[in-house]
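Listed below are the residues making up each chain.
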Amino acid sequence: MNRKILILFGIVLILLTAVAGWLAMNLQEEKQANREMQELAALDKQEMENQYEELGRQYSEMMTQINNDSIIEQLTQEQMRTQKLLEELKRVKTNDAREIARLKKELESLRAILRDYVIQIDSLNRENESLRSENTRINTELEASARRNESLVTEKASLSEKVAIAAQLDASNITMTPLNKRGKTERKISKAVNISVSFTVVKNVTATNGLRTFYVRITKPTGEAMNGGGTFAYENKQIAYSMKKSMEYTGEELTTTVYLQNSESLVPGKYVVSVFADGSMIGSKNFIFEK
C-alpha cells in the first residue's frame, strides 16, 4: 500500500513540475510580446513628437519670409497650438491609446493647415515674383537685378522643403474585416479564413504623383505581426508587413482594399492595423474582436 502511495505521489509531483514549467514559459512569451508592443508604441510616439517639432520649425521659417502681418499673426497662433499639443504628447504614456489617437488626429489637422498656408504663401510669392520681374525689366542696374534673382532662388528652395513636409500622405477610414471561406464577414475571429483591410488615402494636391507602394501591418494581441512574407524599411530598420499594394497616386482621394489569407488560428483581443507609405506611418487604428 505504501509503495502505491509513493508511486502516485511521484506522478503528481512530476505533473506539477511540468505545469509549472509550462506556466513559466508562457509567462516569458507574454512578457516578450508586451515588450515588442511597447517598443512599437514608443517608436510611433517618438515619430509623432518629431513631426510636431518639425511643424513648429516650419512655422518659424515661414514667418521670416513674408511681410503680411495678418498671416504672420495666424502662423504665430498655429505655432503656439503646435507647441501646446507637443507638450501634451510628451506627457502621454505610450499605453494611453485613446489620447495618442486624439493627438494623432490633431497632427493630421495641423498638416492640413500647413498645406493651406504653403499654398497661400506660394500664391503670394508668385505675385511678388511677378512684381519683381516687372521691376527687373524697368531697372537698368544689373547688380540689383542679380540680387533679386538670388533672393528668389533662395525663397523657392525654402518653399520646396515646406512642400515636401506638406506632401506627406494620410490614410483614413481604416477598416479590418475577418472573412469566412465564402468571402463573407465572419463574426467569430477564431473562424476567420481571410482578412480584408480597407483604407482611404486623402486628397493631397501637394503630393508628388506616381506609383506608390502601401504596406499594411496587422499586429495581433500577442504583439506579433501577421506576416505576409516580407519586410520594409521603417525608422532605420526592417519590419514585417502583412500585406502590400502598389497603386498610381494622382493627388486625388484614393480608396483601396487588400487581403491576407490567414494561415494561423486567430485569438480574440486587440488588433492594430497600421498603414505605411514613403517610409512613414500614414495611418493607424485599433480593432477589438471577441471570440
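Computed from a predicted model, the values in this text were never measured in an experiment. (Residues numbered from 1 in each chain as written. Predicted model: local features only at pLDDT ≥ 70, side-chain atom pairs only at ≥ 80, totals over all residues. Heavy atoms only, no water.)

Chemist: Got a sec to walk through the sheet that holds strand 6 (residues 243-249)? Specific residues and values, please.
Modeler: Pairing within the open sheet is antiparallel, and its 4 strands lie in the order 6-3-8-9. On the outer flanks of this sheet lie strand 6 and strand 9 (280-289), each paired with one strand and no other. Put simply, the sheet's adjacent strands are angled 20 degrees from each other on average, direction ignored. Where strand 3 (residues 210-219) and strand 6 come together, 7 bridges link them in antiparallel fashion. In the strand pairing of strand 6, glycine 210 is matched with tyrosine 249. (Pairing = 2+ DSSP bridges. Helix = DSSP H or I, 4+ residues; strand = E, 2+ residues; numbered from the N terminus. Axes fitted to C-alpha atoms, helices over the stretch in contact; angles between N-to-C directions.)

Chemist: Explain helix 2 (residues 69-91) to me, using residue names and the numbers behind them.
Modeler: Across its 23 residues, helix 2 extends 34 Å between first and last C-alpha, which sits within 8% of the 33 Å expected from 1.5 Å per residue. All of the buried residues along helix 2 are Ile71, Leu75, Glu78, Thr82, Leu85, Leu86, Glu88 and Leu89. (Expected span 1.5 Å × (residues − 1). Buried < 20%, exposed > 50% of the residue type's maximum accessible area, 1.4 Å probe, protein only.)

Chemist: Break down the sheet that holds strand 2 (residues 194-201) for me, with residues and values.
Modeler: Pairing in this open sheet of 3 strands is antiparallel, and the strands run 1-2-7 from one edge to the other. Edge positions in the sheet fall to strand 1 (171-179) and strand 7 (254-261), since each has one partner strand and no second. With strand direction ignored, the average angle separating the axes of adjacent strands in the sheet is 15 degrees. Pairing geometry for strand 2 and strand 7, over 8 bridges, is antiparallel. By the bridge assignment for strand 7, serine 198 is matched with threonine 257.

Chemist: Mind laying out the packing of aromatic side chains, listing which residues take part and the relevant values?
Modeler: Summed over the entire model, instances satisfying the criterion amount to 8 aromatic pairs. Aromatic pair tyrosine 234 and phenylalanine 276: ring centres 4.8 Å apart, planes at 70 degrees, arrangement edge-to-face. Taken as a pair, tyrosine 234 in strand 4 (residues 230-234) and phenylalanine 276 in strand 8 (residues 269-277) lie far apart in primary sequence, 42 residues in all. By relative accessible area, which is 2% here, tyrosine 234 ends up buried. Phenylalanine 276 gets classed as buried once you look at its relative accessible area, which sits at 1%. Both rings, one in phenylalanine 287 and one in phenylalanine 289, keep their centres 6.5 Å apart while their planes meet at 20 degrees; by these two values the pair is stacked. Looking at phenylalanine 287, the relative accessible area reads 13%, which means it is buried. (Phe/Tyr/Trp six-rings, centres within 6.5 Å; stacked < 30°, edge-to-face > 60°.)

Chemist: Can you lay out the nonpolar core for me, pointing to particular residues and giving the numbers?
Modeler: Met176, Val197 and Ile218 are the most contacted members of the largest nonpolar core, which has 29 residues in total. If you list the elements that add at least two residues to this core, you get strand 1, strand 2, strand 3, strand 6, strand 7, strand 8 and strand 9. Not counting residues up to four positions away in its chain, the partners in contact with valine 197 are Thr175, Met176, Val216, Ile218, Met243, Thr256, Thr257, Val258 and Val273. Grouped together as the second largest cluster of nonpolar side chains are 22 residues, Met48, Met62, Ile66 and Ile71 included. (Core = buried A, V, L, I, M, F, W, Y, C linked by side-chain atoms within 4.5 Å. Contact = heavy atoms within 4.5 Å.)

Chemist: Requested: an account of the side chain of arginine 111, with residues and values cited.
Modeler: Tracing the chain through its elements places arginine 111 in helix 3 (residues 97-138). On the basis of relative accessibility, which here comes to 7%, the residue arginine 111 falls in the buried class. Of the polar contacts made by the side chain of arginine 111, one reaches the side chain of glutamine 51; its length is 2.4 Å. Each residue touching arginine 111, except ones within four places of it in the same chain, is listed here: Gln51, Gln168 and Asp170. (Polar contact = N/O pair within 3.5 Å; in protein donor to acceptor, adjacent residues only side chain to side chain.)

Chemist: Which residues make up the side chain of threonine 256, and what values go with them?
Modeler: In this fold, threonine 256 is placed in strand 7. In this structure the side chain of threonine 256 is engaged in a polar contact, spanning 2.8 Å, whose partner is the side chain of lysine 245. Not counting the four nearest positions on each side in its chain, threonine 256 is found in contact with Val197, Ser198, Phe199, Lys245 and Met247.

Chemist: Got a sec to walk through unusual backbone geometry? Specific residues and values, please.
Modeler: Even without being glycine, asparagine 236 reaches a positive phi, approximately 60 degrees. Note that asparagine 236 resides in the loop between strand 4 and strand 5 (237-241). The class of asparagine 236 is exposed, set by a relative accessible area of 85%. At aspartate 278, a residue that is not glycine, the phi angle is positive and equals roughly 55 degrees. Tracing the backbone shows aspartate 278 in the loop between strand 8 and strand 9.

Chemist: Got a sec to walk through a nonpolar patch on the surface? Specific residues and values, please.
Modeler: A cluster of nonpolar side chains, Val19, Trp22, Leu23 and Met25, forms an exposed patch at the surface whose accessible area comes to about 420 Å². Along the chain, methionine 25 turns up in helix 1 (residues 2-63). What makes methionine 25 partly exposed here is its relative accessible area of 47%. (Patch = residues over 30% accessible without salt bridge, like charges linked within 9 Å, V, L, I, M, F, W, Y side chains within 5 Å. Areas by Shrake-Rupley, 256 points an atom, 1.4 Å probe, with all protein chains shown as cover. Salt bridge = Lys/Arg side-chain N within 4 Å of Asp/Glu carboxyl O.)

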